[in-house]
Amino acid sequence: MVAGYPNGDTGTNGTRGNIDMRSDTVTQPTTAMRTAMAEAEVGDDVFGDDPTVKRLEERVASMLGKEAGLFVASGLERAEEKR
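Bear in mind the structure is a predicted one, so any value in this text is a computation, not a measurement.

Participant: Could you clarify how one ought to interpret the overall build of the protein in this entry?
Facilitator: Looking only at helices and strands, the protein has three helices and zero strands in total. What you see in the protein, going N to C, is helices and strands ordered as α-α-α. Evaluated residue by residue, the protein yields a buried proportion of 17% over its 83 residues. In the protein, the proportion of contacts linking residues at least 24 apart, taken out of those at least 6 apart, comes to 4%.

Participant: It is not clear to me how a nonpolar patch on the surface should be interpreted in this structure. Could you clarify?
Facilitator: A cluster of nonpolar residues, L56, V60, M63, L64 and F71, forms a patch on the protein surface that exposes about 480 Å² of accessible area. Within the secondary structure, V60 sits in helix α2 (residues 51–64).

Participant: Just checking my understanding: could you explain the pattern of salt bridges for this structure?
Facilitator: Two side chains carrying opposite charge are able to pair once their charged atoms lie near each other. Using the criterion set out here, one finds one salt bridge in the structure. With a closest N to O distance of 3.6 Å, E41 and R55 form a salt bridge. Of this pair, E41 sits in the loop between α1 (31–39) and α2 while R55 sits in helix α2, placing them 14 residues apart in sequence. The partly exposed category is assigned to R55, whose relative accessible area is 45%.

Participant: I keep staring at the confidence of the model for the protein and nothing clicks. Help me out?
Facilitator: When pLDDT drops low, the exact placement of atoms in the prediction is not to be read closely. Averaged over all residues, the pLDDT of the protein is 76; the fraction at 70 or higher stands at 67%. Per-residue pLDDT, averaged within each element of the protein, yields its smallest value for helix α3 (residues 75–82) (68) and its largest for α1 (93). Low confidence marks residues 1–7, where pLDDT is under 50. Its contacts with residues over four positions away, or in another chain, come to 18 contacts.

Participant: Is there a simple way to think about the side chain of E57 in this case?
Facilitator: Looking at the secondary structure, you find E57 in helix α2. No salt bridge is formed by the buried E57, whose closest oppositely charged neighbour, K54, lies at an N-O distance of 8.1 Å. Within the structure, E57 has its side chain in polar contact with the backbone nitrogen of F71 (distance 2.9 Å). Once residues within four sequence positions are removed from consideration, E57 is found in contact with G69, L70 and F71.

Participant: Whenever I open this one, the environment of K54 confuses me. Can you help?
Facilitator: Relative to the helices and strands, K54 is located in helix α2. For the pair K54 and L70, spaced 16 residues apart in the sequence, the C-alpha separation amounts to 8.8 Å. If near-sequence neighbours (up to four positions away) are discounted, K54 is found in contact with G48 and D49.

Participant: What is the right way to look at α2 in this model?
Facilitator: Since the α-helix turns once every 3.6 residues, residues separated by three or four places project in the same direction. If you check α2, its first and last C-alpha atoms are 20 Å apart, about what 14 residues at 1.5 Å a residue would give, namely 20 Å. Within the span of α2, buried status applies to P51, V53, E57 and A61. The arc that holds every buried residue of α2, seen down its axis, measures 165 degrees, which confines them to one face. Across α2 from its buried face, at more than 90 degrees, point the exposed residues R59, S62 and M63. The N-capping residue of α2, defined by a side-chain oxygen 2.9 Å from the backbone nitrogen of T52, is D50. One or two positions beyond α2, positive phi appears at G65, with a value near 70 degrees.

What counts and what doesn't
- Residues numbered from 1 in each chain as written.
- Predicted model: local features only at pLDDT ≥ 70, side-chain atom pairs only at ≥ 80, totals over all residues.
- Heavy atoms only, no water.
- Helix = DSSP H or I, 4+ residues; strand = E, 2+ residues; numbered from the N terminus.
- Buried < 20%, exposed > 50% of the residue type's maximum accessible area, 1.4 Å probe, protein only.
- Contact = heavy atoms within 4.5 Å.
- Patch = residues over 30% accessible without salt bridge, like charges linked within 9 Å, V, L, I, M, F, W, Y side chains within 5 Å.
- Areas by Shrake-Rupley, 256 points an atom, 1.4 Å probe, with all protein chains shown as cover.
- Salt bridge = Lys/Arg side-chain N within 4 Å of Asp/Glu carboxyl O.
- pLDDT = per-residue confidence, 0-100.
- Lys, Arg positive; Asp, Glu negative; His and termini not counted.
- Polar contact = N/O pair within 3.5 Å; in protein donor to acceptor, adjacent residues only side chain to side chain.
- Expected span 1.5 Å × (residues − 1).
- Arc of directions from axis to C-beta.

Encoded structure:
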């Protein structure tokens, strides 16, 4: 397997091939991914003003029947929240 996609598949259709998720330096973003990142609404999630994180937290809270949700980017952060 070549880094990212097997058999030289570029992964542009989003459905074929395996993606190697070991590191953000192994799988390289496609042009469409880079465009989406560049055009994304952004804000600081620590201060509660990242619209994407707010939508994710609200959606998951609703799906689970909870009052609110809290996004944490890593297992370590989750362990700290649990303390």
